[in-house]
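Architecture and fold: a report
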Number of protein chains: 4
Amino acid sequence: MAEAFTWTTRVRYAECDMQGHVFNAHYLTWADTAHTEMMRAAVGPHPELVASGVDFVVAEARVRYRAAAGYDDEIAFDVAVAAVGETSMTTAMTVRRGADTIAEIEVRHVCVDAETFRKRPWPDHVRAGVARFAAA
Amino acid sequence: MAEAFTWTTRVRYAECDMQGHVFNAHYLTWADTAHTEMMRAAVGPHPELVASGVDFVVAEARVRYRAAAGYDDEIAFDVAVAAVGETSMTTAMTVRRGADTIAEIEVRHVCVDAETFRKRPWPDHVRAGVARFAAA
Amino acid sequence: MAEAFTWTTRVRYAECDMQGHVFNAHYLTWADTAHTEMMRAAVGPHPELVASGVDFVVAEARVRYRAAAGYDDEIAFDVAVAAVGETSMTTAMTVRRGADTIAEIEVRHVCVDAETFRKRPWPDHVRAGVARFAAA
Amino acid sequence: MAEAFTWTTRVRYAECDMQGHVFNAHYLTWADTAHTEMMRAAVGPHPELVASGVDFVVAEARVRYRAAAGYDDEIAFDVAVAAVGETSMTTAMTVRRGADTIAEIEVRHVCVDAETFRKRPWPDHVRAGVARFAAA
C-alpha cells in the first residue's frame, strides 16, 4: 500500500512577479526539487546515484495552473510515482496551499547513463525504492 | 496566410546545469519571453496592454524535450498561435538549434482583467493582431 | 547582548552550474531570503510590513566568495545586523558549510515608503526588533 | 587607447519582482553574461578557453544600485577591464538606461585550471586580448 511523499516550500520574494504571484516557470524548478527529495526518501541522495553511473533527464513536463500562489505562502507538493517503465518514470504532483489545489504537474524522466547520457533501464534498487510512493 | 514569428536567444552559462545542458525549467522562462516578443510584434508592448486594463495568465504549459541544448548554443523559437478562444489562447513553439528540434512547447494563456485577474474575453485588437501568426 | 540568527538551505540542482558549483548570483537570492527570515524573527512577516506602508530596497550588495558550494550541500547563513542608520540598514552574513566559510556577504537596505518608494526613516518597531540580532 | 565594450539586454517579465523592478540578484546574472560577451570580443568564446584548460571563477562581486530598472526597459552594460593581476582580473561595469546610471558593478575573477580549479596565471593571449577594453 503506497505512502504519500510531501515536500514543502515557502514562496520567496524573488519567485513572485509583477502580478504578485509565483512566475509560471518556477513551478518546474520546485518540481525538480520535490522529485529530488522524493528520490532521496525512496532511493538515496542523487549524487550517490550519479556516482554509481546512473542519472536521469526530463523528457516531458506538464503544468496545469489552478490558482495563483502568492508571496510567503506555504506550499506543499504531494508527490506520487504514477508509472515506471523500462527506462521512463512519470511522477504526478499535486501542488497545494492547505487544502486548495494550486497546480497539477506531471514530469516524465528517462534513465540515462551518467557519462554518455544514453537511455538505459532503471536499476532494480531504484525501481524497488520508488514503489513505496507509487500512485494509488 | 500566416507568417512565422521567430525569437532567438543564446544559452547563458547560468542556464546550464551540472550535466552541461540547459536546466529544464528555463525553457518556460524562455517561452515567456518568446511569447512576449510575438505579442509585441502582433499587438504591441505588454506594458501598454496592461495599462489598457488587459493582462493574461498562464493556465497550462507543456514541454517535450527532444534534445539537450548546451552552453553558448544559439537557439531559435518558432512561435505560432495555435488556437484563440473567447478567453484563451494556445501558443505552439518549436525550439531548435539550426535545423535540429530541441523541444516542443505549448502554452495556454487566459485573458484577465489587469486589476481583478478575473477571466475576460480577448479584446478585438488582440484577436486581430495575433491572426498574423496563426498556425498554418 | 545580541543573539545569532541562522538560516539554512540545501543546494538545489538548478542552482549549480557546469563547474558543479553554485552559480555566483544565487548567493544574493539566498541572501534575500536569509534577510527576509531574519526580519520575520525580528519584526514579523514582510507582507505585514508592506501592508503598514513600509518597505525597503537594496542599495548595495557585496559578496566575497571564499570556497565553492556544491550540489546537495547544507549551507548555513549566520545573519547579523551590522549597522542601522536613519534610513539604511547593513546586514552582514557569513555563509558556511559546517565550520567552513563559503562566502561573506554584506547587503545595505534602505527603508522606503511602500507606495512611492521614497526614502523614509525606519519605524521604531523595526529599529527595536532588529536590535536583537545586532552584530557583536 | 582603450575601446568601450557595451552589452545590451531588455528587462524580462520574469526578472521583475512585486515592486515592479528588477530583482537585485539578477544584476549579477546579467553581469556574468556581459563579462562573457566582453571576453568573447576580446579573447574568443568561453567554451574554447575551457577546452584549452583555462577557466575562471568569481572571487568577489559588488553592486551599487542607483535607480530601479523596470519591465521592458532597454539596459546597457558598459564594460571595462579595470585591473589585471597575475591571476586576478577586475571588471567594472556601468549599467544604464539611456544616459541614466542604474547601477555600478565590480566583479573580480580569478583564473583557474579548468580541471583542478587551482589558481593559475592568466595566459598571455587573454592578457593581451582584454587590453583592448582596459579602463581609461
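One can find the structure itself at the top, above this paragraph.
As the structure is a prediction and not an experimental result, all values here were calculated from the model. (Residues numbered from 1 in each chain as written. Chains lettered and ligands numbered in written order. Predicted model: local features only at pLDDT ≥ 70, side-chain atom pairs only at ≥ 80, totals over all residues.)

We now examine the overall build of chain A. What chain A contains, in helices and strands, is three helices and five strands. Along chain A, from the amino end to the carboxyl end, the secondary structure elements read β-α-α-β-β-β-β-α. Projected onto its principal axes, the C-alpha positions of chain A cover 45 × 35 × 20 Å. Across the 136 residues of chain A, 37% fall into the buried class. In chain A, of all internal contacts separated by at least 6 residues, the share reaching a separation of at least 24 is 70%. (Helix = DSSP H or I, 4+ residues; strand = E, 2+ residues; numbered from the N terminus. Buried ≥ 20, exposed ≤ 12 C-beta atoms within 10 Å, placed from the backbone. Contact = placed C-beta atoms within 7 Å.)

Spatially, the ten strands line up as an open sheet ordered β1(A)-β3(A)-β4(A)-β5(A)-β2(A)-β2(B)-β5(B)-β4(B)-β3(B)-β1(B), and their pairing is antiparallel. Looking at strand neighbours, the two that pair on one side only are β1 (5–10) of chain A together with β1 (5–10) of chain B, the edges of this open sheet. Sheet twist, expressed as the mean angle between neighbouring strand axes with direction ignored, is 25°. Strand direction decides the pairing type here: strand β2 (residues 54–65) of chain B and strand β5 (residues 100–113) of chain B, joined by eleven bridges, are antiparallel. Paired with Val63(B) across the strands is Ile105(B), a residue of β5(B). This element, helix α1 (residues 26–42) of chain A, spans β1, β2 (54–65), β3 (74–84), β4 (88–97) and β5 (100–113) of chain A of the sheet and lies at about 140° to β1(A). (Pairing = 2+ DSSP bridges. Axes fitted to C-alpha atoms, helices over the stretch in contact; angles between N-to-C directions.)

Tallying the contact residues gives 13 residues for chain A and 13 residues for chain B. Contributions of two or more residues to the side of chain A that touches chain B are made by α1 and β2 of chain A. Pairing between β2(A) and β2(B): five bridges, direction antiparallel. Directly across from Val63(A), in β2(B), lies its bridge partner Ala61(B).

Turning our attention to helix α1 (residues 26–42) of chain B. All names here are of chain B. End to end, α1 covers 24 Å across 17 residues, agreeing with the expected 24 Å (1.5 Å per residue, within 8%). Residues of α1 that are buried include every one of His-26, Tyr-27, Leu-28, Thr-29, Trp-30, Ala-31, Asp-32, Ala-34, His-35, Met-38 and Met-39, and no others. Gly-44 sits one or two residues past α1 and shows a positive phi near 130°. (Expected span 1.5 Å × (residues − 1).)

This part is about the sheet that holds strand β4 (residues 88–97) of chain C. Ordered by their spatial adjacency, ten strands build an open sheet running β1(C)-β3(C)-β4(C)-β5(C)-β2(C)-β2(D)-β5(D)-β4(D)-β3(D)-β1(D), and the pairing between neighbours is antiparallel. Strand pairing shows two members of the sheet lacking a second neighbour, β1 (5–10) of chain C together with β1 (5–10) of chain D, which therefore form its edges. Across the sheet, the mean angle from the axis of one strand to that of its neighbour is 25°, orientation sign disregarded. Across ten bridges, β4(C) lies against strand β5 (residues 100–113) of chain C in antiparallel orientation. Paired with Arg96(C) across the bridge in β5(C) is Thr101(C). The strands touched by helix α1 (residues 26–42) of chain C are β1, β2 (54–65), β3 (74–84), β4 and β5 of chain C; relative to β1(C), the strand with the most contacts, the crossing angle is about 140°. Against the sheet, helix α1 (residues 26–42) of chain D contacts β1, β2 (54–65), β3 (74–84), β4 (88–97) and β5 (100–113) of chain D, and its axis sits at roughly 135° relative to β1(D).

The subject of this paragraph is the relation of the copies chain A and chain B. Superposition of chain A onto chain B requires a rotation of 180° combined with a translation of 0.0 Å along the rotation axis, giving an RMSD of 0.0 Å. Here the transformation between the copies is reduced to the relation of a two-fold axis. Scanning chain A for the C-alpha nearest the rotation axis identifies Arg62(A), at a separation of 2.1 Å. Looking at chain A, 100% of its interface residues are interface residues in chain B too, so the copies touch through the same face. (Least-squares fit on C-alpha atoms with pLDDT ≥ 70 in both.)

The next thing to look at is the relation of the copies chain B and chain C. Of the transformation placing chain B onto chain C, the axial shift is 0.0 Å and the rotation is 180°, giving an RMSD of 0.0 Å. Here 100% of the contact residues of chain B are again contact residues in chain C; the copies associate through an equivalent surface.

The subject of this paragraph is the interface of chain B and chain C. Facing nine residues of chain B, the contacting portion of chain C comprises nine residues. Of the residues contributing to the side of chain B that touches chain C, the split by class is seven nonpolar, one polar and one charged. (Nonpolar A, V, L, I, M, F, W, Y, C, P; charged D, E, K, R; others polar.)

Purely spatial values, then, with no claim about function.
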